[in-house]
Amino acid sequence: MSASAPAKINLHLGVGPVRADGFHPLATVYQAIGLLDEVTVRHAPANDVTVTGQRRLDLDEIPLDARNAAVRAAMLLAERNGVEEQVAIHIDKQIPVAGGMAGGSADAAAALVACDALWGLSSPREELLELAAELGSDVPFALVGGTAIATGRGESVVPAMVLGEYWWVVVESADGLSTPAVYHEFDTVYAGQRVSQPDLPDALMEALRSHDLERLGVLLRNDLEEPAIRLRPELDDVLAGGIAAGALGALLSGSGPTCVFLCSSRTHAEQVSTVLSEGEPGAVCVVRGPVPGARVERMG
Ligand code: C5P
């Protein structure tokens, strides 16, 4: 049984003061984009996980034991449903590893729907969303896909009405960034200051509803950009390079280091991508959003 799940970007990532549980309250607008991981699950005598990927990916960083996001998802679903079968999991990755695009969360979401189908559970959507929230802040959105507003630590997801399609140039980094390290740097940047609770961005939602790309370009915002740039100063040059190449807006994806650039059309995105590829061979691609969330692709 195979399922796919998409990468995400955050068109707006408003971050509030760290909570007692160590997480930060968020007000965020997710969009699922056309970079997909595919997870295949099979009945097996013992639990096992393998990973492949054609893009420039640091596959060595992906754990192949019970820390793997897809394995954790399969184990949680099995435990909650009294399933005692073992499963062999294969992950074919397109989503950058430790790139701020929720690749691990996509694997968890794909594993949930693939195992649900393999074991014939037909779990209600609400149940899968609850398990997803236990697995990680971005996993519920990887199930929902499209464009959505999220609050809490990212796990309370409400689909948003948006018009049309959006073309993005994605620039990967050779080395990943640790999400906890970037949030910790956020705390350091704002130490001793009053950080307000994050607000949902009304103007950005209006730009999405009316497909006003110029306006959307200037309204893109990520509160983790400053801390990520403090940890990786060259990201500032990557972001500036995209604007110089003619993009309508530049954005760090989540906790980074992947950067994304909004373009007015596929053709425009291909032009910007060509310019950016000159400095970054092999690490630049053009993708469309929004795309659907995790879904079963193949049976048998
Ligand atoms: O939920 P997830 O496992 O993706 O979170 C990874 C880490 O990112 C957390 O342990 C925490 O350090 C940080 N995080 C946070 N606030 C959030 C989401 C994640 O501080 N809303």
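What counts and how
Residues numbered from 1 in each chain as written. Predicted model: local features only at pLDDT ≥ 70, side-chain atom pairs only at ≥ 80, totals over all residues. Heavy atoms only, no water. 1 Å grid on protein atoms, 1.4 Å probe; cavity = no way out; pocket = protein on both sides within 12 Å on 5 of 7 lines; lining within 4 Å. Points joined across faces, edges and corners; volume = space filled by probe spheres on them. Helix = DSSP H or I, 4+ residues; strand = E, 2+ residues; numbered from the N terminus. Nonpolar A, V, L, I, M, F, W, Y, C, P; charged D, E, K, R; others polar. Near = heavy atom within 4 Å. Polar contact = N/O pair within 3.5 Å; in protein donor to acceptor, adjacent residues only side chain to side chain. Areas by Shrake-Rupley, 256 points an atom, 1.4 Å probe, with all protein chains shown as cover. Sits in = over half its atoms within 2 Å of the grid points. Salt bridge = Lys/Arg side-chain N within 4 Å of Asp/Glu carboxyl O. Buried < 20%, exposed > 50% of the residue type's maximum accessible area, 1.4 Å probe, protein only. Patch = residues over 30% accessible without salt bridge, like charges linked within 9 Å, V, L, I, M, F, W, Y side chains within 5 Å. Lys, Arg positive; Asp, Glu negative; His and termini not counted. Charge placed at Lys NZ, Arg CZ, Asp CG, Glu CD. Disulfide = S-S within 2.5 Å. Pairing = 2+ DSSP bridges. Axes fitted to C-alpha atoms, helices over the stretch in contact; angles between N-to-C directions.

A.B. asks: How would you summarise the layout of surface pockets if you had to cite specific residues and measurements?
C.D. replies: Taking a probe equal in size to a water molecule and rolling it over the atoms shows the remaining empty space. Each pocket or cavity is described by its volume, and for the largest pocket that value is around 1,100 Å³. For the largest pocket, the lining is made up of 44 residues, of which A102, S105, D138, T179 and P180 are closest to its centre. Listed by contribution, the elements that provide at least two residues to the lining of the largest pocket are β1 (2-15), β2 (26-44), α1 (69-81), α2 (103-118) and α5 (179-189). Of all the elements, α2 adds the most residues to the lining of the largest pocket, at five residues. Among the residues forming the lining of the largest pocket, the class breakdown is 19 nonpolar, 17 polar and eight charged. Within this model, the second largest pocket holds a volume of roughly 190 Å³. As for the second largest pocket, its lining consists of 17 residues, of which N47, M75, E85, Q86 and V87 are closest to the centre. Elements represented by at least two residues in the lining of the second largest pocket include exactly β3 (48-53), α1 and β4 (86-93). Considering every element that reaches the lining of the second largest pocket, the biggest residue donor is α1, with four residues. Per-class residue counts for the lining of the second largest pocket are eleven nonpolar, two polar and four charged.

A.B. asks: Can you explain the site of the ligand? Please cite residues and give values.
C.D. replies: For the ligand, the full set of nearby residues is G22, F23, H24, L26, G136, S137, R153, T179, P180 and Y183. Here an oxygen atom of the ligand and a side-chain polar atom of S137 are 2.5 Å apart. Relative to its unbound accessible area of 460 Å², the ligand is 74% covered by the protein chains. Counting atoms within 2 Å of the grid points, the majority share of the ligand lands in the largest pocket. In terms of residues, the shell around the ligand owes the most to one element, α5, which gives three residues.

A.B. asks: Give me the lowdown on the pattern of salt bridges, citing residues and values where you can.
C.D. replies: Pairing between side chains becomes possible if they bear opposite charge and their charged atoms approach one another. Throughout the structure, instances matching the rule amount to eleven salt bridges. We note a salt bridge from R80 to E79, for which the minimum N-O separation is 3.4 Å. Residue classification places R80 among the partly exposed positions, given a relative accessible area of 44%. Among the residues examined, E79 registers a relative accessible area of 56% and is labelled exposed. Residue E297 pairs with R295 through a salt bridge whose shortest N-O separation is 3.9 Å. We classify E297 as partly exposed; its relative accessible area is 37%. Residue classification places R295 among the partly exposed positions, given a relative accessible area of 46%. Overlapping salt bridges, with partners in common, bring together D37, K93 and D107 in one network.

A.B. asks: Would you mind going over a negative patch on the surface in detail, with residue names and values included?
C.D. replies: A cluster of acidic residues, D60, E61, D175, E234, D236 and D237, forms a negative patch at the surface. Inspection of the secondary structure puts D60 in the loop between β3 and α1.

A.B. asks: Residue-level account of the state of the cysteines, with values.
C.D. replies: For the structure on display, the rule yields zero disulfides. Of all cysteine sulfurs in the structure, the one in C285 sits closest to C263, which takes part in no disulfide; the separation is 12 Å.

A.B. asks: Can you explain unusual backbone geometry? Please cite residues and give values.
C.D. replies: Here the amide bond leading from G256 into P257 is cis, since omega sits at 10°, within 30 degrees of zero. Tracing the sequence through the fold places P257 in the loop between β9 (249-252) and β10 (259-263). A cis amide bond, omega -5°, links G289 with the succeeding residue P290. Residue position: P290 is located in the loop between β11 (284-289) and β12 (295-298). Its identity is not glycine, yet A98 carries a phi of approximately 50°, on the positive side. Position of A98 among the secondary structure elements: in the loop between β4 and α2. A positive phi is found at H211, a non-glycine position, where the angle reads about 55°. Relative to the assigned elements, H211 resides in the loop between α6 (202-209) and α7 (213-219).

A.B. asks: Before we move on, could you go through the sheet that holds strand β7 (residues 166-171) and cite the residues and values that matter?
C.D. replies: With antiparallel pairing, the four strands of this open sheet are ordered in space as β9-β10-β7-β11. What marks the edges here is a single partner per strand, and that holds for β9 and β11. Between one strand axis and the next, the sheet turns by 30° as a mean value, whatever way the strands run. Inspection of the sheet shows β7 paired to β11 by six bridges, in the antiparallel sense. Counterpart to W167 in the pairing with β11 is R288.

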